Amino acid sequence: MTGHHHRAEEGCDALAPEVAYAAALGPVAENTAVTRLQAALRNDGEYPRASPEREYRLRRAALADRLALCSRDEHDIAEAARTAYERLAFDLADGRFVLGPVGPGSPAWQVPARPHLRQEYERWAQLTDGGRDAWAKEAG
């Protein structure tokens with residue numbers, strides 16, 4: 001498949017990070033968006049999305065994954081794995097908003113969770129233009 005690669009440690013035919021994050025905002029803008037989502041969740045869910053908590057978890061984990069891919073620092077890699085597992089656990093518990101073709105309960109995602117994160121982020125980014133649709137609503 002185009003845009004996919006197989007790595008034994010990922011346990012599946014995983015989406016390549018450069019494909020998953022092709023439509024992503026830059027790291028600074030993404031961090032600002034994640035901070036706004038977190039604040040909106042604290043203010044009784046005033047964010048205009050079907051699932052602001054899932055979007056917050058997805059974007060926070062994707063940002064951590066992207067930073068780990070760039071830095072290769074052991075702490076950043078551990079943080080990326082932790083936030084990816086937290087997001088995967090959220091999807092397993094909730095189950096309403098899975099976007100990609102392979103659900104969070106698939107054995108393909110058991111170790112590690114970052115490939116499933118990339119699948120879900122890539123699909124979410126296609127549907128929202130990488131979150132730019134929310135920025136346009138706020139600016140307009």
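Check the entry above for the structure.
Each residue is numbered by its place in its chain's sequence as written, counting from 1. Owing to the predicted nature of the model, reporting of local features is limited to residues with pLDDT of at least 70; listing and counting of side-chain atom pairs is limited to 80 or more, with chain, interface and lining totals taken over all residues. Processing note: side-chain calculations cover all non-hydrogen atoms of the structure and skip hydrogens and water entirely.

Enquirer: Looking at this model, I keep getting lost on the nonpolar core. Mind explaining?
Expert: Counting residues in hydrophobic clusters, the biggest one holds 14 residues, and the most contacted among them are Tyr21, Leu58, Ala62, Leu117, Tyr121 and Trp124. If you list the elements that add at least two residues to this core, you get helix 3 (52-71), helix 4 (74-94) and helix 5 (114-128). Strands here are runs of E lasting at least two residues and helices are runs of H or I lasting at least four, both read from the DSSP assignment and numbered beginning at the N terminus. Counting residues per element, this core draws most heavily on helix 5, at four residues. In plain words, nonpolar cores are sets of buried Ala, Val, Leu, Ile, Met, Phe, Trp, Tyr and Cys residues tied together by side-chain atoms within 4.5 Å. Working definition: with a 1.4 Å probe on protein chains only, accessible area under 20% of the residue-type maximum means buried, over 50% means exposed, and in between means partly exposed.

Enquirer: Help me out: how do you make sense of the pattern of salt bridges in this one?
Expert: Side chains that carry opposite charge are capable of pairing whenever their charged atoms lie near each other. The term salt bridge refers to a side-chain nitrogen of Lys or Arg lying within 4 Å of a carboxyl oxygen of Asp or Glu. Taken as a whole and assessed by the stated rule, the structure comprises eleven salt bridges. Among the salt bridges present, the one from Arg114 reaches Asp65, with a minimum N-O distance of 2.5 Å. With Arg114 in helix 5 and Asp65 in helix 3, the pair connects residues that are 49 residues apart, well separated along the chain. Neither residue differs from the other here; Arg114 and Asp65 are each classed as buried. For Glu79, the salt bridge identified is with Arg82, shortest N-O distance 2.6 Å. Of the two residues, Glu79 and Arg82 are both situated in helix 4; the distance of three residues between them amounts to about one turn of the helix. Salt bridges here are not isolated pairs; linked through shared partners, they connect Arg54, Arg87, Asp91 and Glu120.

Enquirer: Would you take a moment to explain the side chain of Arg87 for this structure?
Expert: By the element assignment, Arg87 lies in helix 4. For the purposes of these results, a polar contact is taken to be a pair of N or O atoms within 3.5 Å, where, inside protein, one atom must be able to donate a hydrogen and its partner to accept one; residues adjacent in sequence count only when each atom of the pair is a side-chain atom. A polar atom in the side chain of Arg87 sits 2.7 Å from the side chain of His116. In this view, Arg87 contacts Arg54, Arg57, Leu58, Ala61, His116, Leu117 and Glu120; residues no more than four positions away in its chain are not counted. Residue contacts are defined here by distance: any two heavy atoms, one from each residue, within 4.5 Å place the two residues in contact.

Enquirer: Whenever I open this one, the packing of aromatic side chains confuses me. Can you help?
Expert: The description of two aromatic rings rests on the distance between their centres and on the angle between their planes. Pairing of aromatic side chains requires ring centres within 6.5 Å, counting the rings of Phe and Tyr and the six-membered ring of Trp. Pairs whose planes differ by under 30 degrees are stacked, by over 60 edge-to-face, and all others tilted. Across all of its chains, the model carries two aromatic pairs by this definition. Note on Tyr21 and Tyr121: the rings are 5.2 Å apart at their centroids and 65° apart in plane angle, and the pair reads as edge-to-face. Of the two residues, Tyr21 sits in the loop between helix 1 (17-20) and helix 2 (27-42) while Tyr121 sits in helix 5, which places them 100 residues apart along the sequence. For the pair shown, Tyr21 and Tyr121 are each scored as buried. With 5.3 Å between their ring centres and 50° between their planes, Tyr121 and Trp124 make a pair best called tilted. Highlighted residues: Tyr121 and Trp124, both in helix 5, separated by three residues, approximately one helical turn. This pair shows no difference in class: Tyr121 is buried, exactly as Trp124 is. A connected cluster of aromatic rings, assembled from ring pairs, spans Tyr21, Tyr121 and Trp124. Note on geometry: a ring has a charge over it if NZ (lysine) or CZ (arginine) is within 6 Å of the ring centre and within 35 degrees of the ring normal. Here Arg66 stacks its cationic end above the ring of Tyr21, 5.9 Å away from the centre of that ring.

Enquirer: Sorry if this is basic, but what is going on with the packing of helix 3 against helix 4 here?
Expert: When two helices pack together, their arrangement is captured by the angle between the axes and the distance separating the axes. Axes here mean lines fitted to C-alpha atoms, for a helix over just the part in contact, with angles spanning 0 to 180 degrees between N-to-C directions. Their axes nearest at 8 Å, the elements helix 3 and helix 4 cross at an angle of 155°. The orientation of helix 3 relative to helix 4 falls into the category roughly antiparallel. For helix 3 against helix 4, the interelement crossing comes out left-handed. Taken together, the residues of helix 4 that come into contact with helix 3 (itself represented by Glu53, Arg54, Arg57, Leu58, Arg60, Ala61, Ala64, Asp65, Leu67, Ala68 and Ser71) are Asp76, Ile77, Glu79, Ala80, Thr83, Ala84, Glu86, Arg87, Phe90 and Asp91. Throughout, the ten residues Ala, Val, Leu, Ile, Met, Phe, Trp, Tyr, Cys and Pro are labelled nonpolar, Asp, Glu, Lys and Arg are labelled charged, and all others, Gly among them, are labelled polar. In the contact of helix 3 with helix 4, the residues fall into nine nonpolar, two polar and ten charged. Relative orientations are named as follows: roughly parallel for angles under 35 degrees, roughly antiparallel for angles over 145 degrees, roughly perpendicular for angles from 65 to 115 degrees, and oblique for any other angle. Handedness of a helix crossing follows the sense of rotation of the near helix relative to the far helix, less than a right angle counterclockwise being left-handed and clockwise being right-handed.

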